[in-house]
Amino acid sequence: MDHRKRVIELSINDEPYVLAVEPQQTLLEVLRDSLSLTGTKEGCGTGECGSCTVLLDGKPVLSCLMLAVECVNLDITTIEGVGSIERMAPIQEALLEKGGVQCGFCTPGMVLATTAMLNRNPKPSEGEIKRSLEGHLCRCTGYNKVIEAVEATIEKISDTHE
Amino acid sequence: MHLPRFEYFQPSTVEDAIHLLEIQKSGARLAAGGTDLYPRMKYGLTRPESIISLRDIPVTPPTLSQDGILNLDAFMPIKEVVNSRVILDNAPLLSEAAGRVASEEIRYMATLGGNLCQESRCLYYNQGHNFQFIEPCFKRGGDLCYFVPKGKKCLAVYMSDTAPALMCLNAKVNILGSGGEKQIPIEDIYSGDAKHPLELGPTEILSQINIAKLTGSAGWAYKKFSLRGGVEFAGVGVATVLQMGDGKKVCEQAGITVGAIAASPLRASNAESLLKGKEITDSLLKEAAKAAAEEIKVVPHHGYSTPYLQEILRVQTHRALGTAYERVGVVSQK
Amino acid sequence: MAELDFVGKSILRKDGPDKVTGRASYTGDIKLPRMLVGRILRSPHPHAKILNIDISQALKLKGVKAVITSEDTLGIKAGFVETPRYPADQYPLAKDRVRYVGEEILAVAATDAYVAEEALSLIRVDYDPLPAVFDPDEAMKEGAPEIHPTHPKVKEPLSNIAGKTQSEWGDVELGFSESDYVREDRFESHLRTHGYLETQITVASYEPGNKLNLWTSSMGPFLKRAKLARLLDLPVSSVRVRKAYVGGAFGGKVDLYSHEFCAALLSMKTGRPVKIEASREEVFTAYRHGQPLIMEVKTGVKKDGTLLAQQIRVINNCGGYRGSGVVVIFLGWGYTMVPYRMANFKYEGYAVYTNNPVRGPQRGHGAPQMRFAVESQLDIIAEELGIDPIEIRLKNARESGEQLPNGDNVHNCGLKECIQSAAEHTQLKEKYGTGRTTASPNGHIRNGIGIGVSSYMSGSLIYPNSSSVSVKMNDDGTATLLTGALDVGQGAETILCQIIAEELKIPFEEIQVIAADTETTPVDIGSWISGNAYVTGNAARMAGTEVRKKLLDLAAEEMEANVKDLVMENKSVWVAGSPDKKISYRKLIGASIQKRRGDPIIGEGHWRTMRDEPFHPSLASTKGRWSENYAFDAQVAEVEVDTETGQVRLLRAVTAHDCGFPINPLLVEGQVDGQVSMALGHALMEEILMKDGHTLNPNWLEYRMPTIHETAKSEHINVITESYEVGRPYRTKEVGEGLVSALLGAIANAIYDATGVRLYSTPFSPEKILYGLGKIGRNQKVS
C-alpha cells in the first residue's frame, strides 16, 4: 500500500496553506493538529454532534468526516475566520448578549452553521433555523437562548440592510 | 477518532472509477459523501485498502424528459435534492424524505446514491469492537447474532429515508459496471439479507435514479418516526402515494412502502390492493394501515420492541395515507 | 440599602468573547513539544480474573515509549469516597481482577495514535471469566457472585453491599397507625449520562525535578491534585493542575479518573508530555454515568393531606466499585428531608455492587430520582384524598426559620411562594384534571399539567473544606482576582468578578481573573456540590471587603475625612457631596506603598458552609449537619401526549425558584434552561441501554440527547428571599442542580394528567405509555 503523503494546498479563511498530508487525515485533524486552528472542536468524530462544523465554499460540513485531500480548491472557513474579539460577527455578539454560550464547546460549530444559513437566507423561519441547527448538540443551554440569539441576529442584519 | 490508513484515488469520470474498482478488486470502497463509510471505518467495521472518492465526478443537474421521467444523478448531494425545484414539482415525496435525512451538514455532504447504498445497522454492529464486543457477529464475518443467539441470520436494519420514498415512486436505477449499464427497479438492488443488503457487484456503481413524475391528481407523504426531530435514523419510515382518478375521489393506484424495519424497504402490497379502485374514506385508510401492519413483520431495533414498532407502523401508515389524501391536487409542497 | 452596580445585573460573561471566536483553549487544544499519545486497554469481561498480561510484543513496536500495568503503580487504591468506613476500593489500573466491562487494565504511550492503538492490539491478556451479576436485586441475594464482600458493618445477610445509610426520627409505625391513608409504591429510575460535549481528556507533563503539570477537563483542580499526589506518592505541592476551558461536566468530571493517573505516570516514565483523550465511545461505555435507583416509598397521611409518616428504602445499582454510590444513598435521605415537614421518618439506602461500570455524581446527584418518586406518590395520594396537587404541597411545605430533623435550619425559605407562583402563572388549578376528560380538537393528542417540588443544598462539607479567594490591586487602580474555582460553563469567573467589582466599585471589564491553577491560586472546593455562588462568592466578597477597607482607611487619612462619609465609584473615592475632590485608587495604592511599609493592597477571603462543624455528616447514619443554605423550587410541566404513538412533548416548563437572589440573572436563566432541557431528555428520550454489563448505544445517535427540535418553552420566576449588601456576608442559593430535580416528577404527573397513565419508572418512553393505554403488549427485550 502506498501511504506516501501528498502535498496539498488549502485555502483557509482566505489564507493559503501548503502542507503534506496522508489521505486518511480528516480536515479536522489537519486543522487542529497540523495548523493549530483549534477553534474547530471534536465532540464525537463520527458526525453526530456538529462541533466540528466548518464551511466549504460557504456550505456547512462536518470536518471530522471530510478528508483533507478532498478539500483542495475549496474555500474553507473556520471559526478563526468568522470574527475577532475586536470585530465580532453579529451572531457571535448575539450569542454573547443573549446567553447562548455556556461551556462554549459547541459554539464554534453553531456560529458556522448559522453563518451558512444566514448567507443563504437572511430571513429564515423558526423551522428553518431548527433544521439548520438540528445536527448541533448543546447540553448547557437547552437551545432556547441559542434560538433567541439567531433571531436577534436576523433582526440585526435586516436592520442594517434596510 | 481517526481513520485507518488507505490508498486514495480521486477519478474524474465514472468510467475511471469502475476501472479502478476492477483493478482494486474487493479491497476498494467507493466514497461519495463518506458519511456512512467513514464512521464505520473509524469504528474498524471495514478496513478497505483503498478509497475511490467520487467527489471529482461532475454532477448532472436533474432533468425531466419529454415522457415525464425525472432523471437524477446519483452523486447529487441530498441537500440539492431537497432544494431542487424540478424534484419538488415532480417528485415531492422524494424532497420530503430527503429533507428528513440526518442533519443539515450531512445533507450537504451525503449523496442520494450514497444514501441508497448505505449499510444496514444494528446496535451491536455499529460500534467499535475493541474491548466490549469482541465476538464477530454475522455482519462482521462471524457466525452469530448477539441479540438472537440461536438465530440463523443477521437482523440488522436498512435505514435509508430516501429508499422507501423512491420505491413508493416505482423508481428505476441505473447500474454502471464493467459489463455496461443496466436499468432495474429499485427493489432489485436489495438482497433481503441484512449481512449484505445490496445486490450491487464489486465493480458496479449506482449512477442514476429515474422517477416517473407524479401527476396533479396524486397525493404523497413520508412519515419518519423517531424520538427526536433531527439527527437520528428512523424507527419506522413510511412513504405513501395515492394516485387518484379524475374526480380525485377514487384511488387508481396506491403505494405504501416502509423503511427501517427490515433488511430492505418493504412494500405493503395487501394494503395497496385494498385501496385500489376504492373511494377514499378515513375508515378505508385505517383498514389499509391495519393491513400494512399485519403483512409486514418488523425487526425490533435500536431500543424499540416488536409490538411497539408494529403499532407505530400501523399508526404512521395511517397518518401517511391521511396526509397523502389531503395533498391530492396539490402539485408541489409550496 | 445602597443601589448595586454589578451584583444582580445580567453582565455578559467574562469568557464569552474567547468562546464565540474559538480562541478559548480547552485541554485538547494544548500541544506541547514531543508530546506522546496515550491509550488505555480495557476489560472485555464484566467479571474475570486476570491470569497474565503479556506486553512484550507491544514494547517491540517502533514508537512505543512506555506501557504501564498495575505492576508499575504503587498499589494504592482510589475512590470518590475515601473515609475510614468507606476506604478507597479501586486501583487506577486493575490488579488481578476486573469487575466491569471497560475497566482499565493498562496504558501505553506512543509517538502517535496509530502506534498506540497497534500496541494495544499486540498485548495479550489472559482472563478467567467469573460469574457476573448486573441486577441489584439479584446481586443482594445470598449466593450471588461476590464482587466485593458485603461491608463489615452491614449485618443483614445480604451480598455485595457496598454501603448502607440508615436514618430515622419520630416513630414511623405510630405515624402509619395514626394515618387515615397509607400508600406504598415502588419506583425505578434508569441509567442516564451527563452529555458533556468535550470528552474526558488530560495532558500531563512531568518536569524532572519533581514537578508534574497537568491540564485536565475537570470540575476543579484541587481535588484532582490531592488524589493524584496520593496515588503517585508525590508531595501535593509537586503536582500542579492548571486551568483549561472545560467543555461541559455536569458532575461527570469531579473524581479522579484512571486516564488522568495514566497520563501522569506515563509522562513520569517517559519524561515527555502525554495526552490521553477518551473517545466518545469510551465515555459512554467505560466512564461513569448517573445512578439508577430503586425507590420503595411508603407514606401515611391524614385526611386533610397532612403528611404523617414516610418510610423509604433505596437500592442503588452502583457498579463494580463504590464510586459515588454510597453518597447517593446518603443524599437520598437529604432530598426527602427538606421540602416537606414529616413528623415520622425512616430511611434505608443500600449501595449494591454489580458488574456494571462505576457510577458517579451527575447534576442533582440522586435528587431527580428521589423527587420523581416522592412527587409522583404525592399526586397519587392527593387524588385518593380528593385534594388538589397544590393544596397538598402547600399544606406540608417548609417555611422560613424551620429547623430540620438533622439540626439544619432552612432560614429564609420561599417554597410556598414558589409553589403558588408556579401554579398561578400556569393556571394549574384550572387546567389540572381537564386533560383526561376534555376531548382535544386533534383527536389523539392529550394535554396535561403537573407539578414537582425540590430542595437542594448550596454547598456542603467535603474535602478540601475551603474556598479561598485573593484580590490584588494593580498600580493602575484595577484589580486582579485569584480563585481556585473553575468555570465549567456556569459562569463562575463572571459572578466572582461581579462581586469584586461591586465591593470595590471597579468597572467589571477591568477586573482580571487568574483561575483554577493549584500553584498560583488559592484553594477552592471546585465547581460541584453547588457552592460556587454562595461559598466561593462569599470568599470573594470577603477578599473584596478587606481591600475595600484598606482603600477607605487610606482615603480617609489622605482626605482627612471620616470613612463613613466616603463614597467609592469608578476607581476613585470622594467625600459625599464633593465628587470634584476625588482621589483615585491609583493614587491610594501609591500612598499605601509609601505609608504602609510597601503594602500593595492585597485582600484575602475564605468561606465554607457550616462554619462550626468539623466534619461532613456521616454517610452511614446521616448524623451531623449537612448544609446551612437550602434552595427551593417548584416546577410545572405542561405536556402534550400523542396517544397513538405514545410520544410526549414537553411544551412548557415553568420554574419558580427561591434562589436567594440572582447575582447574574442571565446566567441564572441559562442554568434553568439547561436543566429543563436535561430533565426533558432524561424524562422522555435518553437512556443508556445495557445488556450483561455491555453498553449497547455508546454514541449520540442512539443515546438520544435532546436536539434543538425538542426545546421546551422555559419560563423563570425568581423568588427573592435574600439580598446583597456591600461589605456583608450574604446567603444566595444554588441554581445549578435543584432545577433538574423537580421537573422529572412534574413531567410524570403531567403525563398522568393527560392520559391517566401513571408511570412508576423512568424514562417515560412511548412504549410504556402505549402499554399503559392498553394499546400494545409488554415487551422488555432490547435490540
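What counts and what doesn't
- Residues numbered from 1 in each chain as written.
- Chains lettered and ligands numbered in written order.
- Predicted model: local features only at pLDDT ≥ 70, side-chain atom pairs only at ≥ 80, totals over all residues.
- Heavy atoms only, no water.
- Helix = DSSP H or I, 4+ residues; strand = E, 2+ residues; numbered from the N terminus.
- Rg over C-alpha atoms; globule rule 2.2 N^0.38 Å.
- Buried < 20%, exposed > 50% of the residue type's maximum accessible area, 1.4 Å probe, protein only.
- Contact = heavy atoms within 4.5 Å.
- Areas by Shrake-Rupley, 256 points an atom, 1.4 Å probe, with all protein chains shown as cover.
- Lys, Arg positive; Asp, Glu negative; His and termini not counted.
- Charge placed at Lys NZ, Arg CZ, Asp CG, Glu CD.
- Pairing = 2+ DSSP bridges.
- Salt bridge = Lys/Arg side-chain N within 4 Å of Asp/Glu carboxyl O.
- Polar contact = N/O pair within 3.5 Å; in protein donor to acceptor, adjacent residues only side chain to side chain.
- Buried area = accessible area lost by both parts, 1.4 Å probe.
- Nonpolar A, V, L, I, M, F, W, Y, C, P; charged D, E, K, R; others polar.
- Domains from an automatic or database assignment.
- Axes fitted to C-alpha atoms, helices over the stretch in contact; angles between N-to-C directions.
- Parallel < 35°, antiparallel > 145°, perpendicular 65-115°, else oblique.

### Regarding the overall build of chain C
No. 1: Across its full length, chain C holds 20 helices and 28 strands.
No. 2: Taken over C-alpha atoms, the radius of gyration comes to 27 Å for chain C, in line with the 28 Å a tight globule of 783 residues would show.
No. 3: By the burial criterion, 68% of the 783 residues in chain C qualify as buried.
No. 4: Nonlocal contacts in chain C, meaning residues at least 24 apart in sequence, comprise 80% of its contacts between residues at least 6 apart.
No. 5: When the accessible area of chain C is evaluated, it comes to approximately 25700 Å², of which 48% is carbon and sulfur surface.
No. 6: Here chain C contributes 90 positive and 99 negative side-chain charges, whose respective centroids are spaced 3 Å apart.

### So, the pairing of strand 25 (residues 648-660) of chain C
All names here are of chain C.
No. 1: With eleven of 13 residues buried, strand 25 lies mostly within the body of the structure.
No. 2: In this sheet, strand 25 lies alongside strand 24 (residues 630-642) in antiparallel orientation, the contact comprising ten bridges. Bridge pairing links Glu 638 to Arg 652 in strand 25.
No. 3: Hairpin connection of strand 24 to strand 25: five residues between the antiparallel strands, including Gly 646 at a positive phi of 80°.
No. 4: Relative to strand 28 (residues 713-720), strand 25 runs parallel, the two being bridged by eight bridges. Across the sheet, Arg 652 pairs through a bridge with Lys 713, a residue of strand 28.

### Here's the deal with the pattern of salt bridges
All names here are of chain C.
No. 1: This model, assessed by the stated rule, comprises 79 salt bridges over all chains.
No. 2: Its salt-bridge partner being Lys 733, residue Asp 658 comes within 2.7 Å of it at the nearest N-O pair. Of this pair, Asp 658 sits in strand 25 while Lys 733 sits in the loop between strand 28 and helix 19 (743-755), placing them 75 residues apart in sequence. Per residue, the accessibility class of Asp 658 equals that of Lys 733, and both read buried.
No. 3: Through salt bridges that share partners, Asp 137, Glu 156, Lys 164, Arg 186, Glu 188, Glu 296, Arg 313 and Glu 348 make up one connected network.

### Digging into the environment of B:Ser178
Residues and elements named next belong to chain B.
No. 1: Mapping Ser 178 onto the fold places it in the loop between strand 6 (172-177) and strand 7 (180-185).
No. 2: For Ser 178, a relative accessible area of 45% gives the class partly exposed.
No. 3: As for Ser 178 and Glu 22, which are separated by 156 residues in sequence, their C-alpha atoms are 7.7 Å apart.
No. 4: A polar side-chain atom of Ser 178 sits 3.2 Å from a polar atom in the side chain of Glu 22.

### Brief notes about the interface of chain C and chain A
No. 1: Across the boundary between the two partners, chain C contributes 52 residues, which contact 46 residues of chain A.
No. 2: Of the roughly 4000 Å² buried at the junction of chain C and chain A (both faces included), carbon and sulfur atoms supply 60%.
No. 3: It is C:Val20, C:Leu197 and C:Ile708 in chain C that bury the most area against chain A; as a group they hold 20% of the surface buried on that side.
No. 4: The interface formed by chain C and chain A includes four salt bridges.
No. 5: The salt bridge partner of C:Asp29 is A:Arg32, with a shortest N-O separation of 2.8 Å.
No. 6: Secondary-structure elements contributing two or more residues to the side of chain C that touches chain A are helix 1 (16-20), helix 18 (665-684) and strand 28 of chain C.
No. 7: The residue inventory of the side of chain C that touches chain A, partitioned by class, reads 19 nonpolar, 21 polar and twelve charged.

### Looking at the domain arrangement of chain B
Residues and elements named next belong to chain B.
No. 1: In terms of domains, chain B is made up of domain 1 (1-53), domain 2 (63-117 + 157-212) and domain 3 (218-327).
No. 2: Listed per partner, the contact involves nine residues of domain 1 and twelve residues of domain 2.
No. 3: For the pair domain 1 and domain 2, the summed buried surface comes to about 930 Å²; carbon and sulfur atoms form 78% of the total.
No. 4: At the junction of domain 1 with domain 2, the criterion picks out zero salt bridges.
No. 5: In terms of residues, the side of domain 1 that touches domain 2 owes the most to one element, helix 1 (residues 14-24), which gives five residues.

### Regarding the environment of C:Val358
Residues and elements named next belong to chain C.
No. 1: Its place among the elements puts Val 358 in the loop between strand 15 (344-353) and helix 10 (367-385).
No. 2: Sequence-wise, Val 358 and Thr 165 are 193 residues apart; in three dimensions their C-alpha atoms are separated by 19 Å.
No. 3: Excluding residues that lie within four positions of it along the chain, Val 358 makes contacts with Gln 90, Tyr 100, Tyr 287, Arg 288, His 289, Cys 318, Gly 319, Tyr 321, Arg 322 and Gly 323.

### Describing the domain arrangement of chain C
Residue and element names in this part refer to chain C.
No. 1: As far as domains go, chain C holds domain 1 (16-23 + 466-607), domain 2 (32-130 + 198-249 + 253-286) and domain 3 (293-460 + 616-772).
No. 2: Here the C-alpha centre of domain 3 lies 36 Å away from the C-alpha centre of domain 2.
No. 3: Opposite the 20 residues of domain 2 that make contact, domain 3 presents 26 residues.
No. 4: When domain 2 packs against domain 3, the two sides together hide about 2000 Å² of surface, and 66% of this comes from carbon and sulfur.
No. 5: Three residues stand out in domain 2 for area buried against domain 3, namely Tyr 86, Asp 89 and Phe 284, and they jointly supply 33% of the buried area on that side.
No. 6: In this structure, the connection of domain 2 to domain 3 is made through zero salt bridges.
No. 7: At the boundary of domain 2 with domain 3, the tally comes to seven residue pairs in polar contact (both at pLDDT 80 or more).
No. 8: The residue makeup of the side of domain 2 that touches domain 3, split by class, is ten nonpolar, three polar and seven charged.

### Here we look at the packing of helix 16 (residues 532-559) of chain C against helix 17 (residues 585-595) of chain C
The description of two packed helices rests on the angle between their axes and on the distance between the axes.
Residues and elements named next belong to chain C.
No. 1: Put simply, helix 16 and helix 17 touch, their axes get as near as 10 Å, and they point 85° apart. As the angle between them shows, helix 16 and helix 17 are arranged roughly perpendicular. Contacts from Leu 551, Leu 554, Ala 555, Glu 557 and Glu 558 in helix 16 reach Tyr 585, Leu 588, Ala 591, Ser 592 and Lys 595 in helix 17.
No. 2: Taken together, the residues of the contact of helix 16 with helix 17 sort by class into six nonpolar, one polar and three charged.

### Overview of unusual backbone geometry
No. 1: The amide bond that connects C:Thr762 to the next residue, C:Pro763, takes the cis arrangement and shows omega of -10°.
No. 2: Residue position: C:Pro763 is located in the loop between helix 19 and helix 20 (766-772).
No. 3: Residue A:Asn73 is not a glycine yet carries a positive backbone phi of 70°.
No. 4: On the secondary structure map, A:Asn73 appears in the loop between strand 4 (59-62) and strand 5 (75-77).
No. 5: On the basis of relative accessibility, which here comes to 76%, the residue A:Asn73 falls in the exposed class.
No. 6: Although it is not a glycine, C:Asn210 adopts a positive phi angle of roughly 75°.
No. 7: Relative to the helices and strands, C:Asn210 resides in the loop between strand 9 (201-207) and strand 10 (211-216).

### Some details on the sheet that holds strand 9 (residues 218-225) of chain B
Neighbouring strands of a sheet are bound in pairs by backbone hydrogen bonds; such pairs are parallel or else antiparallel.
Residues and elements named next belong to chain B.
No. 1: Here we have four strands laid out as an open sheet, ordered 9-10-11-12, and antiparallel in their pairing. The sheet terminates laterally at strand 9 and strand 12 (266-267), the two strands that pair on one side only.
No. 2: Pairing of strand 11 (residues 251-259) with strand 12, which is carried by two bridges, proceeds in the antiparallel orientation. When the sheet's bridge partners are listed, Val 258 is paired in strand 12 with Leu 266.
No. 3: Here helix 11 (residues 306-327) sits on the sheet and contacts strand 9, strand 10 (236-244) and strand 11; the angle it forms with strand 9, its principal contact strand, is near 150°.

### With respect to the interface of chain A and chain B
No. 1: Between chain A and chain B, the contact holds 34 residues from the first and 34 residues from the second.
No. 2: Considering only the surface of chain A that becomes buried against chain B, A:Gln24, A:Leu65 and A:Glu70 emerge as the three largest contributors, covering 20% of it.
No. 3: Our count for the chain A to chain B interface comes out at four salt bridges.
No. 4: Here B:Arg55 and A:Glu70 are joined by a salt bridge, their closest N and O atoms 3.3 Å apart.
No. 5: For the interface between chain A and chain B, the tally reads 13 residue pairs in polar contact (both at pLDDT 80 or more).
No. 6: Elements with a contribution of two residues or more to the side of chain A that touches chain B: strand 4, helix 3 (107-120) and helix 4 (126-133) of chain A.
No. 7: The biggest single contributor to the side of chain A that touches chain B is strand 4 of chain A, with four residues.

### Observations regarding the sheet that holds strand 25 of chain C
Residue and element names in this part refer to chain C.
No. 1: One open sheet holds the four strands; their spatial order is 16-24-25-28, and the pairing between them is mixed. Either end of the sheet is taken by a strand with one partner, and the two such strands are strand 16 (445-457) and strand 28. Averaged over all pairs of adjacent strands, the angle between strand axes in this sheet comes to 15°, irrespective of strand direction.
No. 2: In this sheet, strand 24 lies alongside strand 16 in antiparallel orientation, the contact comprising 13 bridges. In the sheet register, Arg 446 faces strand 24, and the bridge partner there is Val 641.

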